[in-house]
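A look at the structure
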Amino acid sequence: MKDKFKTKQGYLTPYALLCGYMEQTEVENKRVTLWGECGVYHVRSHDFNSHSRIFWNTYETLTTARKAYKQAIKELA
């Protein structure tokens, strides 16, 4: 049976993201999160050391949201 929640690459599927699941990566007390809501994908980054949001962007397609998510992770590392 096909997994509805994970792609072959191990990412969450659009179905999972729009059902409330989130992808998160945390590096040195900074977190990047990707989730879906009402057909829009959100990518948000937060710095817990300074207690501030770095950015919060929305995207109409999962492809562009994943690109932004991956880029944000690279910038944290």
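Let us look at the structure shown here. (Residues numbered from 1 in each chain as written. Predicted model: local features only at pLDDT ≥ 70, side-chain atom pairs only at ≥ 80, totals over all residues. Heavy atoms only, no water.)

What about the overall build of the protein?
The test is simple: In this text, helices come from DSSP runs of H or I with a minimum length of four residues, and strands from runs of E with a minimum of two, each type numbered from the N-terminal end. Throughout, the radius of gyration refers to the C-alpha atoms, and the reference size of a globule is 2.2 Å times the residue count to the power 0.38. Exposure categories follow from relative accessible area, calculated using a 1.4 Å probe and restricted to protein chains: below 20% of the type maximum is buried, above 50% is exposed, and the middle band is partly exposed. Here, two residues are considered to be in contact whenever any of their heavy atoms come within 4.5 Å of each other. Using the Shrake-Rupley algorithm and a 1.4 Å probe, accessible areas are obtained, with residue cover drawn only from the displayed protein chains. In summary, the charge assignment counts Lys and Arg as positive and Asp and Glu as negative, without counting His or the chain termini. Throughout, a charge is located at the NZ atom of Lys, the CZ atom of Arg, the CG atom of Asp or the CD atom of Glu.
Scanning the protein from terminus to terminus reveals two helices and four strands. Ordering the α and β elements of the protein from the N terminus gives α-β-β-β-β-α. For the protein, whose C-alpha radius of gyration is 13 Å, the value lies close to the compact-globule estimate of 11 Å for 77 residues. With the C-alpha coordinates of the protein rotated into their principal frame, the extents come out at 45 × 20 × 20 Å. The buried share of the protein, taken over its 77 residues, is 30%. Taking as baseline every contact in the protein between residues at least 6 positions apart, the subset at least 24 positions apart corresponds to 24%. When the accessible surface of the protein is totalled, it reaches about 5400 Å², and 52% of it is carbon and sulfur. For the protein, the centre of its 12 positive side-chain charges and the centre of its 8 negative side-chain charges are spaced 7 Å apart.

Some thoughts on a nonpolar patch on the surface
Put simply, the test is: Put simply, a patch holds well-exposed residues, over 30% relative accessible area, that have no salt bridge, with like charges counted together within 9 Å and Val, Leu, Ile, Met, Phe, Trp or Tyr side chains within 5 Å. Salt bridge, as used here, is a side-chain nitrogen of Lys or Arg placed within 4 Å of a carboxyl oxygen of Asp or Glu.
On the surface, F5, Y15 and Y21 cluster together into a nonpolar patch covering about 300 Å² of accessible area. When you line up the elements, Y21 lands in the loop between α1 (14-18) and β1 (22-27).

Let's talk about the packing of aromatic side chains
Let me state the cut-off plainly: Aromatic contacts are taken between Phe, Tyr and Trp rings whose centres are within 6.5 Å, Trp giving its six-membered ring; a plane angle under 30 degrees counts as stacked, one over 60 as edge-to-face, and the others as tilted. In this analysis the charged atom, NZ for Lys or CZ for Arg, is taken to sit over a ring once it is within 6 Å of the ring centre and within 35 degrees of the ring normal.
According to the stated counting rule, one finds three aromatic pairs in the structure shown. Considering the side-chain rings of F5 and Y15, the 5.8 Å spacing of their centres and the 50 degrees angle between planes classify their relative orientation as tilted. With F5 in the segment before α1 and Y15 in helix α1, the pair connects residues that are ten residues apart, well separated along the chain. Both rings, one in F5 and one in Y21, keep their centres 5.2 Å apart while their planes meet at 50 degrees; by these two values the pair is tilted. Of the two residues, F5 is situated in the segment before α1 and Y21 in the loop between α1 and β1; the sequence distance between them amounts to 16 residues. These aromatic residues form a ring-pair network of at least three members: F5, Y15 and Y21. For R44, the ring lying beneath its charged end belongs to W56, and the centroid distance is 4.7 Å.

Looking at the nonpolar core
When a protein is soluble and globular, its nonpolar side chains tend to lie buried together. The cut-off we apply is this: Residues grouped as a nonpolar core are buried Ala, Val, Leu, Ile, Met, Phe, Trp, Tyr and Cys residues, joined through side-chain atoms within 4.5 Å.
Judged by nonpolar contacts, the single largest core of 14 residues is most densely connected at L17, V32, L34, Y41, V43 and A65. Secondary-structure elements contributing two or more residues to this core are α1, β2 (30-37), β3 (40-47) and α2 (62-76). Ranked by residue count, the leading element in this core is α2, at six residues. Residue contacts for L34: discarding those within four places in its chain leaves L17, M22, E23, Y41, H42, V43, L62, A65, R66 and Y69.

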